[in-house]
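Residues per chain, in single letters:
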Amino acid sequence: AQKVTQAQTEISVVEKEDVTLDCVYETRDTTYYLFWYKQPPSGELVFLIRRNSFDEQNEISGRYSWNFQKSTSSFNFTITASQVVDSAVYFCALSEPNTGNQFYFGTGTSLTVIP
Amino acid sequence: GAGVSQSPSNKVTEKGKDVELRCDPISGHTALYWYRQRLGQGLEFLIYFQGNSAPDKSGLPSDRFSAERTGESVSTLTIQRTQQEDSAVYLCASSITSTAYEQYFGPGTRLTVT
């Protein structure tokens, strides 16, 4: 079973629109960590955010915001006023440091921002 | 400071040949990971090194794949008798310690097996 599900394979938006990328995770651990990474066309994955399971406070960083809801096992990512430079593949990931050595990555959401 | 570096950036090899891919993690990072990413796909975990502990090799797809790490520095991923299905981008990442912390990725090595 997939531990991290990113149901949206591809999304296209027009520049300046807001867009939300969904991430649903599955774990039985009480201590876990969630991450988002961006992979632009150049290919190199860029770390965006890390969140631990005990901190449900939403976070905002510029045009980026993250909504962590344990009740629905979701960690969604919103880009406000999207720009062409936001075009990339975005990956959500989960780690369970007390039970394993792996990061579990979702299959990614490809975002295209149309000028 | 310097990020994760990988070499070569591109490698074209003939089927049946052995290849060696190199990763230099961020200095001070004790954890190191190798992933494979096929074209248009997600990340496939291969192997994990943490300090001097035995590596977690559970993701290696066959015994043709092996990896080593020298202390807490350079790692090499070796693929023996390459097959066309080995064609992919091989990504290396390091993190300061366990999986509680974010990984920082290198630019990858694009391997093409002809």
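Bringing unusual backbone geometry into the picture now. With an omega of -10°, the peptide bond running from Ser7 of chain B to Pro8 of chain B counts as cis. For Ser73 of chain A, which is not a glycine, the phi torsion comes out positive at approximately 50°. Tracing the chain through its elements places Ser73 of chain A in the loop between β8 (64-69) and β9 (74-79). Backbone geometry places Arg81 of chain B, a non-glycine residue, at a positive phi of 45°.

As a working rule, side chains carrying opposite charge can pair if their charged atoms are close by. Taken as a whole and assessed by the stated rule, the structure comprises nine salt bridges over all chains. Taking the shortest distance from any N to any O, the salt bridge between Glu102 of chain B and Arg50 of chain A comes out at 3.9 Å. Placement of Glu102 of chain B in the loop between β8 (88-95) and β9 (104-105) and of Arg50 of chain A in strand β6 (residues 46-52) is noted, with the two residues assigned to different chains. Overall, the relative accessible area of 16% leaves Glu102 of chain B in the buried class. Taking the relative accessible area as the measure of exposure, Arg50 of chain A reaches 29% and is therefore partly exposed.

Bringing the state of the cysteines into the picture now. Residue and element names in this part refer to chain B. Per the counting criterion, the structure on display carries two disulfides over all chains. Covalent S-S linkage joins Cys23 and Cys92, the inter-sulfur distance amounting to 1.9 Å. An S-S torsion of about -65° defines the bridge between Cys23 and Cys92 as left-handed. One end of the pair, Cys23, is in strand β3 (residues 19-24); the other, Cys92, is in strand β8, with 69 residues separating them in the sequence. Residue classification places Cys23 among the buried positions, given a relative accessible area of 0%.

Cut-off values and rules
- Residues numbered from 1 in each chain as written.
- Chains lettered and ligands numbered in written order.
- Predicted model: local features only at pLDDT ≥ 70, side-chain atom pairs only at ≥ 80, totals over all residues.
- Heavy atoms only, no water.
- Helix = DSSP H or I, 4+ residues; strand = E, 2+ residues; numbered from the N terminus.
- Salt bridge = Lys/Arg side-chain N within 4 Å of Asp/Glu carboxyl O.
- Buried < 20%, exposed > 50% of the residue type's maximum accessible area, 1.4 Å probe, protein only.
- Disulfide = S-S within 2.5 Å.

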